[in-house]
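Chain residues, written in single-letter form:
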Amino acid sequence: DWRTYEQRFSLRIKEAMKALDPLVREAVTAIRVEPKTGRPDSLSLEQKVKLLLIKQLVGESNRMFANMLDVFSMVSGMDVSYKTVERLYSDEEVMMALHNLHVLLLKRKGVERSDASGDGTGYSLTISKHYESVAKELKERAKEQGPATAQPSSSAPSTGTKGDGPRKRAFAYVFRLMDLSSSMYLAFGSSMRSEKEAFDRAMRMLSTLDVTLDSARLDRYYSTPGYVDSLGGARVFVIPKSNATMNGSWKWKETMKEFVTNPIQYLEQYYRRESSESGFAADKKMLGWGIAQRREDRIDCAQVCTGLWHNLFNLATL
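Throughout what follows, the structure given in this document is the object of discussion. Everything numeric in this text was worked out from a predicted model, so none of it was measured. (Residues numbered from 1 in each chain as written. Predicted model: local features only at pLDDT ≥ 70, side-chain atom pairs only at ≥ 80, totals over all residues. Heavy atoms only, no water.)

### Observations regarding the packing of aromatic side chains
For any two aromatic rings, the description comes down to two numbers: the centre-to-centre distance and the angle of the planes. Counted under the stated rule, the structure contains 11 aromatic pairs. Here Phe259 and Tyr266 contribute two aromatic rings whose centre-to-centre distance is 5.3 Å and whose plane-to-plane angle is 75°, an arrangement assigned as edge-to-face. Take Phe259: its relative accessible area is 23%, and that puts it in the partly exposed class. Among the aromatic residues, those joined into a cluster by ring pairs are Phe175, Phe199, Tyr221, Tyr222 and Tyr227. We note Lys253 situated over the ring of Trp250; from NZ or CZ to the ring centre the distance is 5.6 Å. Lying over the aromatic face of Tyr123, Lys284 brings its terminal NZ or CZ to 5.1 Å of the ring centre. (Phe/Tyr/Trp six-rings, centres within 6.5 Å; stacked < 30°, edge-to-face > 60°. Buried < 20%, exposed > 50% of the residue type's maximum accessible area, 1.4 Å probe, protein only. Lys NZ or Arg CZ within 6 Å of the ring centre and 35° of its normal.)

The structure is reproduced here in structure tokens:
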């Protein structure tokens, strides 16, 4: 029903825009910055955060613009160069405010305990390659390999030819953990080297939040005792690899036992992880499948902004 879809989409966008201004103001109010020497900033911290988030969003579809006209009043009167905008991606104060905004969004949605789903994807750093087509074969191969060799290579798929000097990286890895009941992202992390590092960064972010993880569903890539144990007391649903063994912690043994003794109920829980794939598809359709930044800290900031917009769009209860 396209009419109902458009009405719900419009409601989500309008609710996100309505909530953005007061939430950003609350997020930066908690931050106190010592006066610095040198030339004062032309923008306040609140203006920086708004400008960065809006910059990440604009330039998409006509439908998006039709529902976000009010947001441009938030940046009126700002006169800055493109270099100033780019530096926002590596501004530590801005990153602190973005983290505060993430915490406020989860509190606004009432996320305190979570049954979650997690998955990784990649964002292209060049317009000549698409992550899904390049990484699919490598990802499937990694799922079937043993624990010692299942990790991806130390670098993302790259472009360039021999003799060009250091080979340019083509993709950035991203891992996001989603709360299934609210479709809000709990934590996210990125890496230029491996999906494992992106996962570890997301788990470190999760440890800073006042959210209890009750269960998690992960792709078969994460079907090893180390990943299962890293989620603490949460129940974990994974599909074992073809060469999986019972070697590992008691939690790993209990997980494999549940898979064997109650396969139907286990798989019903496991396949709820399709929500993560749907979330990635929606994010890339709305905000693009590429990242324009090149420095690793700025790439991480860009994917944080994507995660925040996803949560803002899911504030409305449909």
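Still to come is the rest of the account.
### Structural notes on the nonpolar core
Side chains of nonpolar character tend, in soluble globular proteins, to be buried together. Ranked by internal contacts, the top residues of the largest apolar core, which has 84 residues, are Val49, Leu53, Leu98, Phe175, Leu186, Leu213 and Trp309. In terms of residue count, helix α1 (residues 2-29) provides more of this core than any other element does, 10 residues in total. Filtering out sequence-adjacent residues up to four positions away, Phe175 remains in contact with Gly118, Asp119, Gly120, Ala187, Phe188, Gly189, Ala198, Phe199, Ala202, Met203, Leu218 and Tyr222. (Core = buried A, V, L, I, M, F, W, Y, C linked by side-chain atoms within 4.5 Å. Helix = DSSP H or I, 4+ residues; strand = E, 2+ residues; numbered from the N terminus. Contact = heavy atoms within 4.5 Å.)

### Overview of empty space enclosed by the protein
Scanning the model with the defined rule gives 1 cavity of 30 Å³ or more in all. Volume-wise, the largest cavity comes out at about 70 Å³. What lines the largest cavity is simply Gln56, Tyr123, Arg176, Asp283, Lys284, Leu287, Gly288, Gly290, Ile291, Ala302, Gln303 and Thr306. Of all the secondary-structure elements, those providing two or more residues to the lining of the largest cavity are α11 (274-287) and α12 (296-313). (1 Å grid on protein atoms, 1.4 Å probe; cavity = no way out; pocket = protein on both sides within 12 Å on 5 of 7 lines; lining within 4 Å. Points joined across faces, edges and corners; volume = space filled by probe spheres on them.)

### Some remarks on the pattern of salt bridges
Counting across every chain of the model gives 20 salt bridges. Between Glu86 and Arg298 there is a salt bridge, and its shortest N-O distance comes to 3.7 Å. Taken as a pair, Glu86 in helix α4 (residues 82-87) and Arg298 in helix α12 lie far apart in primary sequence, 212 residues in all. Take Glu86: its relative accessible area is 24%, and that puts it in the partly exposed class. Note that Glu197 is salt-bridged to Arg201, the shortest N-O span being 3.7 Å. With a gap of 4 residues between them, Glu197 and Arg201 both fall in helix α7 (residues 195-207), about one helical turn apart. Among the residues examined, Arg201 registers a relative accessible area of 24% and is labelled partly exposed. Each member of the salt-bridge network shares a partner with another, and the members are Asp21, Arg25, Glu46 and Lys50. (Salt bridge = Lys/Arg side-chain N within 4 Å of Asp/Glu carboxyl O.)

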